[in-house]
Amino acid sequence: MGRNASKPDKPGPAVGIQDETIVVRKWHEVLPPSRWLPAYEPQWLRRDILAGVTLAAYGIPVSLAYASLAGLPPQYGIYCYLVGGIAYALFGTSRQLAIGPTSAISMLVGVTVAGMAGGDPGRWASIAALTALLIAIMCVVAWLFRLSSLVNFISETILLGFKAGAALIIALTQLPKLFGVKGGGESFFDRIAVLAGQIPDANLAVLAFGLAALAILLLGEKYLPGRPVALVVVVLSIVILSVTPLSALGFKVVGALPQGLPSFQRPGLQPSDVDGVIPLAFACLLLSYVESVSAARALAQAHGEEIDPRQELLGLGAANLAAGLFQAYPVAGGLSQSSVNDKAGARTPLALVFASVTIGLCLMFLTGLLANLPNVVLAAIVLVAVKGLINIAELRHLWRVSRFEFWVAMVAFAAVLLLGILKGVVVAVLVSMLLLVRRAAHPHVAVLGRIPGTRIFSDLERHSDNRPAAGVLVLRPEASLLYFNVEHVRAAIRFRVRTGAGLVRLVICDLSLSPVVDLAAARMLSTLCHELVTKGIAFRLVGAHAGARDMLRAEGLEEEAGSLDRRLTVADAVDEFQAEAGNVAIPMRTQL
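Overview of the structure. (Residues numbered from 1 in each chain as written. Predicted model: local features only at pLDDT ≥ 70, side-chain atom pairs only at ≥ 80, totals over all residues. Heavy atoms only, no water.)

### Here we look at the overall build of the protein chain
- A tally of regular secondary structure across the protein chain gives 24 helices and seven strands.
- In terms of overall size, the protein chain is more extended than a compact globule, its C-alpha atoms giving a radius of gyration of 31 Å where 592 residues would be expected to give roughly 25 Å.
- Here the protein chain holds 592 residues, and the buried ones make up 50% of them.
- Relative to all contacts within the protein chain whose residues are 6 or more apart in sequence, the contacts with residues 24 or more apart total 79%.
- In the form shown here, the protein chain has an accessible surface area of approximately 28,500 Å², with 63% of it arising from carbon and sulfur atoms.
- Distance from the positive charge centre (48 side chains) to the negative charge centre (40 side chains) of the protein chain: 4 Å. (Helix = DSSP H or I, 4+ residues; strand = E, 2+ residues; numbered from the N terminus. Rg over C-alpha atoms; globule rule 2.2 N^0.38 Å. Buried < 20%, exposed > 50% of the residue type's maximum accessible area, 1.4 Å probe, protein only. Contact = heavy atoms within 4.5 Å. Areas by Shrake-Rupley, 256 points an atom, 1.4 Å probe, with all protein chains shown as cover. Lys, Arg positive; Asp, Glu negative; His and termini not counted. Charge placed at Lys NZ, Arg CZ, Asp CG, Glu CD.)

### A word on the packing of aromatic side chains
- By the definition in use, this model includes 10 aromatic pairs.
- Ring centres 5.3 Å apart and planes at 80° place the aromatic pair phenylalanine 209 and phenylalanine 251 in the edge-to-face group. Taken together, the positions of phenylalanine 209 in helix α10 (residues 204-223) and phenylalanine 251 in the loop between α11 (229-243) and α12 (277-302) put the pair 42 residues apart, joining distant regions of the chain. Neither phenylalanine 209 nor phenylalanine 251 differs from the other in exposure class; each is buried.
- Members of the aromatic cluster, each reached through a chain of ring pairs, are Trp36, Tyr40 and Trp44. (Phe/Tyr/Trp six-rings, centres within 6.5 Å; stacked < 30°, edge-to-face > 60°.)

### Focus: the pairing of strand β5 (residues 472-477)
- β5 sits mainly inside the fold: six of its six residues count as buried.
- The alternating pattern of β5 places Val472, Val474 and Arg476 on one face and Leu473, Leu475 and Pro477 on the opposite face, and all of these are buried.
- Where strand β3 (residues 445-450) meets β5, four bridges bridge the pair, whose relative direction is antiparallel. The residue of β5 that forms the bridge with alanine 446 is arginine 476.
- Of the pairings in the sheet, the one linking β5 to strand β6 (residues 506-510) comprises four bridges and is parallel in character. Following the sheet pairing, leucine 473 is matched in β6 by valine 507. (Pairing = 2+ DSSP bridges.)

### A look at the pattern of salt bridges
- Under the defined criterion, the tally for this structure stands at 13 salt bridges.
- Among the salt bridges present, the one from glutamate 576 reaches arginine 540, with a minimum N-O distance of 3.5 Å. Of this pair, glutamate 576 sits in helix α24 (residues 570-580) while arginine 540 sits in strand β7 (residues 538-542), and the two are 36 residues apart along the sequence.
- Each member of the salt-bridge network shares a partner with another, and the members are Arg450, Arg455, Asp572 and Asp575. (Salt bridge = Lys/Arg side-chain N within 4 Å of Asp/Glu carboxyl O.)

### Some thoughts on helix α13 (residues 309-325)
- Along its 17 residues, α13 runs 25 Å from first to last C-alpha, staying within 8% of the 24 Å computed at 1.5 Å per residue.
- Across the 17 residues of α13, 15 count as buried, placing the element largely inside the fold.
- Sitting at the amino-terminal end of α13 is aspartate 308, which places a side-chain oxygen 3.1 Å from the backbone nitrogen of arginine 310.
- Within two residues after α13, glutamine 327 carries a phi angle of roughly 60°, on the positive side. (Expected span 1.5 Å × (residues − 1). Polar contact = N/O pair within 3.5 Å; in protein donor to acceptor, adjacent residues only side chain to side chain.)

### Comments concerning unusual backbone geometry
- The phi dihedral of arginine 146 falls on the positive side, at around 55°, and the residue is not glycine.
- Its location among the elements puts arginine 146 in the loop between α7 (121-144) and α8 (156-179).
- With relative accessibility at 54%, the residue arginine 146 sits in the exposed group.
- A positive phi is found at glutamine 327, a non-glycine position, where the angle reads about 60°.

### Description of the environment of glycine 210
- Here glycine 210 shows up in helix α10.
- Since its relative accessible area comes to 0%, glycine 210 is described here as buried.
- Glycine 210 sits 164 residues away from proline 374 along the chain, and the two C-alpha atoms are 9.3 Å apart.
- Excluding its chain neighbours within four sequence positions, the residues that come into contact with glycine 210 are Leu178, Val376 and Ala380.

### A word on a nonpolar patch on the surface
- A cluster of nonpolar side chains, contributed by Leu261, Val357, Leu361, Met364, Phe365, Leu366 and Leu369, occupies part of the molecular surface with about 680 Å² of accessible area.
- Tracing the backbone through its elements, the reader meets leucine 261 in the loop between α11 and α12.
- With a relative accessible area of 51%, leucine 261 lands in the exposed category. (Patch = residues over 30% accessible without salt bridge, like charges linked within 9 Å, V, L, I, M, F, W, Y side chains within 5 Å.)

### Let's talk about the packing of helix α4 (residues 43-69) against helix α5 (residues 74-91)
- At a closest axis distance of 7 Å, the pairing of α4 and α5 adopts a crossing angle of 130°. As far as their axial angle goes, α5 and α4 are oblique. Every pair of crossing elements has a handedness; the one defined by α4 and α5 is right-handed. For the pair α4 and α5, contact is made by Tyr58, Gly59, Ile60, Ser63, Leu64 and Ala67 and by Pro74, Gly77, Ile78 and Tyr81, respectively.
- When its residues are assigned to classes, the contact of α4 with α5 shows seven nonpolar, three polar and no charged. (Axes fitted to C-alpha atoms, helices over the stretch in contact; angles between N-to-C directions. Parallel < 35°, antiparallel > 145°, perpendicular 65-115°, else oblique. Left-handed = near helix turned anticlockwise from the far one by under 90°. Nonpolar A, V, L, I, M, F, W, Y, C, P; charged D, E, K, R; others polar.)

### Details of the nonpolar core
- Grouped together as the largest cluster of nonpolar side chains are 122 residues, with contacts concentrated most on Val377, Ile381 and Ile421.
- When residues of this core are assigned to their parent elements, the largest contribution, 14 residues, is made by α12.
- Apart from residues lying up to four places away in sequence, isoleucine 381 is in contact with Pro61, Val62, Ala65, Leu217, Ala230 and Val234.
- Membership of the second largest hydrophobic core comes to 31 residues, among which are Leu481, Met524, Leu541 and Leu564. (Core = buried A, V, L, I, M, F, W, Y, C linked by side-chain atoms within 4.5 Å.)

Written out as structure tokens, the structure reads:
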């Protein structure tokens, strides 16, 4: 006994090694650089550096414009790119996604925080930073509880309408700058009326300058995609206003930006101090996550790679945490800046680090050069950027293939214009949920007929050459049977029995497309069986899946409606009925 006690158990070291392996694997999952850095190839460095510098050249003028949408000083937009990219590079799984401010989120922050800040610039900035911190917390909670898949319930149709509405609102906020007028108004239609009344007072010099900037940006987008054309426009406009007398014609400029890097600074507010900041953070999270994952997936597929949607929550959370602690506001991965990063040759997230280094150097040494940047140029940059949010081709496609989906998109579009971006997000989410519930609660119940020359049954409405079996009505609910749709399915079956051609002597319910059958559904089928039997109509169930068979047997359906043998097909049930009626002999059933 003593000798045995002195020997260590042999499985001990193996278990220890296994535990260590699990820990290392988890560590690699949480920190993606631990996977791609060891495989980093030297020739990638030049491409990542070039992509980083290109992204910075693109991001600086765009971030200045987006900060104005958010109602914040211009440097806050630059801070978003500076800190967001580095933080995402540590936790994100996309090799090309670029993190920074986006037009929709900037506008959402601007119009919502305006009512919370009470005109106090310091409180405005604190609320914006606090929103970013709340997004980071929500991302971590969603990561812990594996909630990344919940965002998939927001349909692309809803987002299509939402983005189009948001684009018009954003464009309308920039048009007064383009015309050189003050603008104003609370709602979308108020702003149109105010702008229309101010157009006769437009500053023609500012308008001409802005239109020229728009033309260059649009031409650059068409003929020089992925190139920092916006930076060229910014440099040219600064030079022109600096060396010509145009600045005396009523041009408003950005002014000198604070020199140096942002300092670590926690927001001076708590969530309880700001009414409505939590809904704002949640709306920003939905927009940023959907936009980021969509862009990351598109780029990953183009390179034959994959991303981890759950890990993206940590990447996005880290980026927003950094933004909230370094005087910025909510960030996301946008398709436009990510495309610039990709086309510039980015191989790894290290390109984001080089972009941040480039932006940091500009903040330390070049901020004075932006003092004469005219606001009309920033407005032109925003107008070109939001143009991509309106997908006319996809809306036309929806109109052709599904009028219902088109009108769903229009509901989201109208909600954004009438209620504003924040409430529009909420309406879009609610419409998505209601659409999902509606489809689940009203599944199609198909009437099946035999495909000529086969033992296969399919939808008669879609295939008119199918042949119904004489005296037999074959029905197939095309969804799981659950408590909230059983009444619809029962009503559909009753209607089919009542309106079926000829005398119905057997009803077959094919459950092959109903993977789940709950207790309420099983009892509904049992009740339906009794109703049909009392009318002299037999009832059979075929194609039930394993869990569904267990539920049906527990409710006594096997005794009431016949065997639930997994080998029984619709053709078998029809042949058995016809054989019993004396029409044909029962063919040999294939044994599995």
